[in-house]
Amino acid sequence: MAAASNPVELGASWGPARPEPPPTRFHRVHGANIRVDPSGTRATRVESFAHGVCFSREPLVPGQVFLVEIEEKELGWCGHLRLGLTALDPASLAAVPEFSLPDLVNLGHTWVFAITRHHNRVPRNGQPEAEAEAAAPRRPPGLLVEPYLCIEQFRIPRDRLVGRSRPGLYSHLLDQLYELNVLPPTARRSRLGVLFCPHPDGTADMHIVINGEDMGPSARGLPAAQPLYAVVDVFASTKSVRLVQLEYGLPSLQTLCRLVIQRNVVHRLAIDGLHLPKGLKDFCKYE
């Protein structure tokens, strides 16, 4: 699959002229301590704190978000998940490096960052640092206020970009913390994504998204014409992640029903009392 494609205009939806990307999966090539489930959507580090590097099975297309949710944490280690892109074909690696930073990056054509909230914003050439800071993204609005996240020329529904708590009496309060992105970025059930946005000069910017908030360009000058694979390093205190699939075009009827239901209940436990099919209830509670 070629990584380069004609970008959509800002505010435009994905549609027949620009079909939605295929579902994301983890590559069969990964670190020695990683186990990927049969569906290819969950990666778990089974021992130690390293050898946890994973890749996307296919190169990303422009504007496609490779989105993971942190499922399990492990006490006793320092450091968190790392995320980025590589122009290296995972199948061509003689061995998967022990660490994404610095080992994989040192192989070249790789851009990976440890997940933090602010350090990975880079200004354009010649842009004053103060001006870049002023242009940096701010706290995201509520999902009902602005349901789409606009990153350069792409518009992405924010609904599934945002982490959600496990169903419980305080879900409605915890979910607001994820939506406002005030929890630590590597908290359990946070959702972290990476994508690239191409430019007419053949280069691309890499963006990292934390719970529906664009952290700004974390790397510039990526080769947009080359296939770019996502890199996820399940490192140290992050033990297990799962892939979250996104809807890029118009939301499905199932998603619209979920949004209406969630808007009209106090907390997700109340969904059990509704006269709805079990499958729809589970979708409203857990997805």
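Residues numbered from 1 in each chain as written. Predicted model: local features only at pLDDT ≥ 70, side-chain atom pairs only at ≥ 80, totals over all residues. Heavy atoms only, no water.

Points about unusual backbone geometry
In step 1: The residue after Leu101, namely Pro102, is reached through a cis peptide bond having omega 5°.
In step 2: Relative to the helices and strands, Pro102 is located in helix α1 (residues 100-106).
In step 3: Of note in the backbone geometry, Ser48 takes a positive phi value of approximately 60° without being a glycine.
In step 4: In this structure, Ser48 sits in the loop between β2 (42-45) and β3 (53-55). (Helix = DSSP H or I, 4+ residues; strand = E, 2+ residues; numbered from the N terminus.)

Some remarks on the sheet that holds strand β5 (residues 82-86)
In step 1: Pairing is antiparallel in the open sheet, where four strands are placed in the order β3-β12-β5-β6. The outermost strands of the open sheet, each flanked by one partner alone, are β3 and β6 (110-114). When the angles between neighbouring strand axes are averaged without regard to direction, this sheet yields 20°.
In step 2: Pairing geometry for β5 and strand β12 (residues 229-233), over five bridges, is antiparallel. When the bridges of β12 are listed, Arg82 appears paired with Asp233. (Pairing = 2+ DSSP bridges. Axes fitted to C-alpha atoms, helices over the stretch in contact; angles between N-to-C directions.)

Quick word on the confidence of the model for the protein
In step 1: Mean pLDDT for the protein: 84, with 82% of residues reaching 70 or above.
In step 2: Note that pLDDT drops below 50 for residues 1-12; the model gives that stretch 33 contacts with residues more than four away or on any other chain. (pLDDT = per-residue confidence, 0-100. Contact = heavy atoms within 4.5 Å.)

Structural notes on the sheet that holds strand β9 (residues 191-198)
In step 1: Read across the sheet, seven strands follow the order β1-β2-β13-β4-β9-β10-β11 without closing on themselves; strand pairing throughout is antiparallel. Both edges of this open sheet fall to β1 (34-36) and β11 (213-223), since each of them pairs with a single strand only. Sheet twist, expressed as the mean angle between neighbouring strand axes with direction ignored, is 25°.
In step 2: Relative to β2, β1 runs antiparallel, the two being bridged by three bridges. Each bridged residue has a counterpart across the sheet, and for Ile34 the counterpart in β2 is Arg45.

A look at a nonpolar patch on the surface
In step 1: Together, Leu169, Tyr170, Leu173, Leu174, Leu177, Leu180, Val182 and Leu269 give the surface a local cluster of nonpolar side chains, amounting to about 680 Å² of exposed area.
In step 2: Structurally, the position occupied by Leu174 is in helix α3 (residues 171-180).
In step 3: We classify Leu174 as partly exposed; its relative accessible area is 38%. (Patch = residues over 30% accessible without salt bridge, like charges linked within 9 Å, V, L, I, M, F, W, Y side chains within 5 Å. Areas by Shrake-Rupley, 256 points an atom, 1.4 Å probe, with all protein chains shown as cover. Salt bridge = Lys/Arg side-chain N within 4 Å of Asp/Glu carboxyl O. Buried < 20%, exposed > 50% of the residue type's maximum accessible area, 1.4 Å probe, protein only.)

Details of the environment of Leu83
In step 1: Note that Leu83 resides in strand β5.
In step 2: Overall, the relative accessible area of 0% leaves Leu83 in the buried class.
In step 3: Residues Leu83 and Val53, 30 residues apart in the sequence, show an inter-C-alpha distance of 9.6 Å.
In step 4: Ignoring sequence-local partners within four residues, the contact set of Leu83 consists of Trp111, Val112, Phe113, Ile115, Leu192, Gly193, Val194, Ile208, Val231 and Val232.

Examining the nonpolar core
What tends to happen in soluble globular proteins is that the nonpolar side chains get buried as a cluster.
In step 1: Phe66, Val68 and Val241 are the most contacted members of the largest nonpolar core, which totals 32 residues.
In step 2: When residues of this core are traced back to their parent elements, those giving at least two are β4 (66-73), β5, β6, β9, β10 (203-210), β11, β12 and β13 (238-243).
In step 3: With four residues, β10 is the largest single contributor of residues to this core.
In step 4: The contacts of Val241, once residues within four sequence positions are left out, are Phe26, Thr41, Arg42, Ala43, Val68, Glu69, Ile70, Glu71, Leu81, Val232 and Val234.
In step 5: By size, the runner-up hydrophobic cluster in this structure holds 13 residues, among which are Leu67, Leu161, Val209 and Leu246. (Core = buried A, V, L, I, M, F, W, Y, C linked by side-chain atoms within 4.5 Å.)

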